[in-house]
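Reading the structure
Here is how the chains run, residue by residue.
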Amino acid sequence: MVDRVVAAWLAVADEDIRAIRACLVGSAVKSAAYHCQQAAEKLVKAVLVSLGRHPPKQHNIVALLDDVPPDHPLRPPLLPLERFTIFVAAFRYPNMDVFDDPPDEPDPDDVTRWLSEIEQVRASVAAFLTGEA
């Protein structure tokens, strides 16, 4: 039986994945990058919940992954998602010099590749945690 809380985290990750696609169709590439971060964060939180941990209310994927044991089988596919952390705020507010080294605006091809990567990680997480294919 699938843990309902893990399934709920995967479901909200799926909403962000759908949002990425919709943003790409609508040429809202910066918003698509934001939803990449959101989907990645929720996948990490699904793993944390499966480990019996209560994920903190934060968006730093690097910090969240610190809570995933180094020998956990899902840690390697999750680690590359750390790079999406910056997109939680990078384009969500007016340019206010929030970052010392702000990221370049992604182009649609970047986000399309990220979407594919996130979908692959989602499939790996779901297969491991719930037995989904």
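The coordinates are above.
What counts and how
Residues numbered from 1 in each chain as written. Predicted model: local features only at pLDDT ≥ 70, side-chain atom pairs only at ≥ 80, totals over all residues. Heavy atoms only, no water. Helix = DSSP H or I, 4+ residues; strand = E, 2+ residues; numbered from the N terminus. Polar contact = N/O pair within 3.5 Å; in protein donor to acceptor, adjacent residues only side chain to side chain. Axes fitted to C-alpha atoms, helices over the stretch in contact; angles between N-to-C directions. Parallel < 35°, antiparallel > 145°, perpendicular 65-115°, else oblique. Left-handed = near helix turned anticlockwise from the far one by under 90°. Contact = heavy atoms within 4.5 Å. Nonpolar A, V, L, I, M, F, W, Y, C, P; charged D, E, K, R; others polar. Phe/Tyr/Trp six-rings, centres within 6.5 Å; stacked < 30°, edge-to-face > 60°. Buried < 20%, exposed > 50% of the residue type's maximum accessible area, 1.4 Å probe, protein only. Salt bridge = Lys/Arg side-chain N within 4 Å of Asp/Glu carboxyl O.

1. Focus on the side chain of Arg 122
Following the sequence through the fold, Arg 122 ends up in helix H5 (residues 108-130). Reaching out from Arg 122, the side chain makes a polar contact with the side chain of Asp 14 at a distance of 2.7 Å.

2. A few points about the packing of helix H1 (residues 4-25) against H5
Where H1 contacts H5, the axes come no closer than 11 Å and their chain directions differ by 165°. The orientation of H1 with respect to H5, classified from their angle, is roughly antiparallel. When the axes of H1 and H5 are compared, the crossing they make is left-handed. Only Pro 108, Val 111, Thr 112, Leu 115, Ile 118, Glu 119, Arg 122, Val 125, Ala 126, Leu 129 and Thr 130 of H5 make contact with H1, whose side of the interface consists of Val 6, Leu 10, Asp 14, Ile 17, Ile 20, Arg 21 and Leu 24. In terms of residue class, the contact of H1 with H5 is built from 12 nonpolar, two polar and four charged.

3. Re the packing of aromatic side chains
Within this structure, the stated rule accounts for four aromatic pairs. Ring centres 5.8 Å apart and planes at 25° place the aromatic pair Phe 87 and Phe 91 in the stacked group. Neither Phe 87 nor Phe 91 differs from the other in exposure class; each is buried. Of the aromatic side chains, those joined through ring pairs into one cluster are Phe 84, Phe 87, Phe 91 and Trp 114.

4. Digging into the environment of Asp 16
Mapped onto the secondary structure, Asp 16 falls in helix H1. For Asp 16, a relative accessible area of 6% gives the class buried. Considering only alpha carbons, one finds Asp 16 and Cys 36, 20 residues apart in sequence, at a separation of 7.2 Å. Excluding residues that lie within four positions of it along the chain, Asp 16 makes contacts with His 35, Gln 38, Ala 39 and Lys 42. Side-chain polar atoms of Asp 16 contact the side chain of Lys 42, separated by 2.4 Å.

5. Details of the pattern of salt bridges
Scanning all chains against the criterion turns up seven salt bridges. With a closest N to O distance of 2.9 Å, Lys 45 and Glu 41 form a salt bridge. Highlighted residues: Lys 45 and Glu 41, both in helix H2 (residues 29-50), separated by four residues, approximately one helical turn. Under the relative-accessibility criterion, Glu 41 is labelled buried at 3%.

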